[in-house]
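# Results of the structural survey
Take a look at the letters that make up each chain.
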Amino acid sequence: MSRPSNFNQIYPDQAVAICTCEQAAQIVDYDHHVVSVDGQTGVMLTYEWLPLEEHTGPFVLTVVFHHAEKHPHASGKIQSIVDGLGFQVRGQAR
């Protein structure tokens, strides 16, 4: 099983979380949409999952906390899915 390039790497100004297959299927089409994570506004990156049916996992959701003003906001439904994820933010204990 190959892992995405961002697996186990948390860079400054970003957060990562593992999604279930079901969660990934609900949010995959919202690549480069704005969400809030731990009170910070950021942009979701899901393009590495495409095409979804060929992605073997894990589904690592990356949210970057820069240039969010340039992107559309995700719906409340998508934000509620994001709210349920366990994000790691650089500088936090793992």
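Basis of the calculations
- Residues numbered from 1 in each chain as written.
- Predicted model: local features only at pLDDT ≥ 70, side-chain atom pairs only at ≥ 80, totals over all residues.
- Heavy atoms only, no water.
- Pairing = 2+ DSSP bridges.
- Helix = DSSP H or I, 4+ residues; strand = E, 2+ residues; numbered from the N terminus.
- Contact = heavy atoms within 4.5 Å.
- Axes fitted to C-alpha atoms, helices over the stretch in contact; angles between N-to-C directions.
- Polar contact = N/O pair within 3.5 Å; in protein donor to acceptor, adjacent residues only side chain to side chain.
- pLDDT = per-residue confidence, 0-100.
- Buried < 20%, exposed > 50% of the residue type's maximum accessible area, 1.4 Å probe, protein only.
- Arc of directions from axis to C-beta.

### Considering the pairing of strand β3 (residues 40–45)
- Alignment of strand β2 (residues 34–37) against β3, held across four bridges, turns out to be antiparallel. Each bridged residue has a counterpart across the sheet, and for Val34 the counterpart in β3 is Val43.
- Between the antiparallel neighbours β2 and β3 lie two residues, among them Asp38 with a positive phi of about 50 degrees.

### Describing the sheet that holds β3
- Strand order across the open sheet formed by five strands is β2-β3-β4-β1-β5, with antiparallel pairing between neighbours. Looking at strand neighbours, the two that pair on one side only are β2 and β5 (88–89), the edges of this open sheet.
- Two strands pair when backbone bridges link them, and β3 and strand β4 (residues 59–64) are joined in this way by three bridges, in the antiparallel orientation. Note that in β4 the partner of Val43 across the bridge is Val64.
- Each of β2, β3 and β4 is contacted by helix α2 (residues 76–83), which is oriented at about 35 degrees to β2, the strand it contacts most.

### Quick notes on the side chain of Gln79
- Residue placement: Gln79 occurs in helix α2.
- A distance of 2.8 Å separates a polar atom in the side chain of Gln79 from the backbone nitrogen of Ser36.
- Sequence-distant contacts of Gln79, that is, excluding residues within four places in its chain, are made with Val35 and Ser36.

### Remarks on the confidence of the model for the chain
- Chain-level pLDDT for the chain is 87 on average; 82% of the residues reach the 70-or-more range.
- Considering each helix and strand of the chain separately, the mean pLDDT is smallest for β5, with a value of 87, and largest for α2, with 98.

### A word on α2
- For α2, the full list of buried residues reads Ile78, Gln79, Ile81 and Val82. Looking straight down α2, one finds that the buried residues subtend no more than 155 degrees of arc, so they occupy a single side. Residues of α2 that are exposed and angled more than 90 degrees away from the buried face: Gly76, Lys77 and Asp83.
- Packing partners of the buried residues in α2 comprise α1 (21–27), β2, β3 and β4.

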